[in-house]
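# Architecture and fold: a report
Chain residues, written in single-letter form:
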Amino acid sequence: MEGWIIVGMLVISNVFMTFAWYGQLKLQELNIISSSTPLYIIILLSWGIALFEYCFMVPANRYGFTANGGPFSLVQLKVTQEVVSLLVFTLFTIVFFRGETLHWNHFLAFSLLIIAVYLVFLET
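Cut-offs applied
- Residues numbered from 1 in each chain as written.
- Predicted model: local features only at pLDDT ≥ 70, side-chain atom pairs only at ≥ 80, totals over all residues.
- Heavy atoms only, no water.
- Helix = DSSP H or I, 4+ residues; strand = E, 2+ residues; numbered from the N terminus.
- Axes fitted to C-alpha atoms, helices over the stretch in contact; angles between N-to-C directions.
- Parallel < 35°, antiparallel > 145°, perpendicular 65-115°, else oblique.
- Left-handed = near helix turned anticlockwise from the far one by under 90°.
- Nonpolar A, V, L, I, M, F, W, Y, C, P; charged D, E, K, R; others polar.
- Phe/Tyr/Trp six-rings, centres within 6.5 Å; stacked < 30°, edge-to-face > 60°.
- Lys NZ or Arg CZ within 6 Å of the ring centre and 35° of its normal.
- Patch = residues over 30% accessible without salt bridge, like charges linked within 9 Å, V, L, I, M, F, W, Y side chains within 5 Å.
- Areas by Shrake-Rupley, 256 points an atom, 1.4 Å probe, with all protein chains shown as cover.
- Salt bridge = Lys/Arg side-chain N within 4 Å of Asp/Glu carboxyl O.
- Buried < 20%, exposed > 50% of the residue type's maximum accessible area, 1.4 Å probe, protein only.

Another aspect to go through is unusual backbone geometry. The general pattern is negative phi for most residues beyond glycine and trans for most peptide bonds. Even without glycine at this site, Asn31 takes up a positive phi of about 60 degrees. Position of Asn31 among the secondary structure elements: in the loop between helix H1 (2-29) and helix H2 (39-64).

Now the structure itself:
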């Protein structure tokens, strides 16, 4: 069960991260901000959102790491985080950027990443 809590924290973290990185593009598309909005404003807005990312990512890594009593090795944490990141990004893209299309090669790449997760969890 502890592993699922860690993965849940990674999902929440990546939702905030995706909004911090790409949300400003959607805000611009919706004319809430303009392309002439100063970059420092966009950076400060993104940092504010990213603070919440760190509030979930840092504890997920700290409590998820085997050296701290967690269920995952460092490599397992990183590969899992990357797959979670791509899944969250894909959902974000489908929901908020309907003009972006996913192609067969994207799905193949995602499948290979899922295979990577399987491989890092194999007992050696």
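Okay, the packing of H1 against helix H3 (residues 74-96) next. Packed helices, taken two at a time, are described by the angle their axes make and the gap between the axes. Taken N-terminus to C-terminus, the directions of H1 and H3 make an angle of 40 degrees; their axes are 8 Å apart at the nearest point. Classified by the interaxial angle, the pair formed by H1 and H3 is oblique. Along this stretch, H1 crosses H3, giving a crossing that reads as right-handed. For the contact of H1 with H3, a count of residues per class yields 14 nonpolar, six polar and two charged.

All right, on to the packing of H1 against H2 then. H2 packs onto H1 with a crossing angle of 165 degrees between their chain directions and a minimal axis gap of 8 Å. In this view, H1 runs roughly antiparallel relative to H2, as classed from their interaxial angle. Considering the relative orientation of H1 and H2, their crossing is left-handed.

Before going further, it helps to examine the packing of aromatic side chains. One pass over the structure, following the stated rule, counts ten aromatic pairs. Pairing Phe92 with Phe96 gives two aromatic rings, centres 5.0 Å apart and planes at 45 degrees, and the pair type is tilted. Highlighted residues: Phe92 and Phe96, both in helix H3, separated by four residues, approximately one helical turn. An aromatic cluster of at least three residues, connected via ring pairs, comprises Phe19, Phe92, Phe96 and Phe97. The ring of Phe97 carries Lys26 above its face, with NZ or CZ at 5.6 Å from the centroid.

Our next topic: a nonpolar patch on the surface. Taken together, the side chains of Trp104, Leu108, Leu112, Ile115, Tyr118, Leu119 and Leu122 present a nonpolar region at the surface, about 790 Å² in accessible area. Among the structural elements, Tyr118 can be located in helix H4 (residues 104-120). For Tyr118, a relative accessible area of 55% corresponds to the exposed category.

Keep in mind that these numbers describe shape and distance, not what the molecule does.
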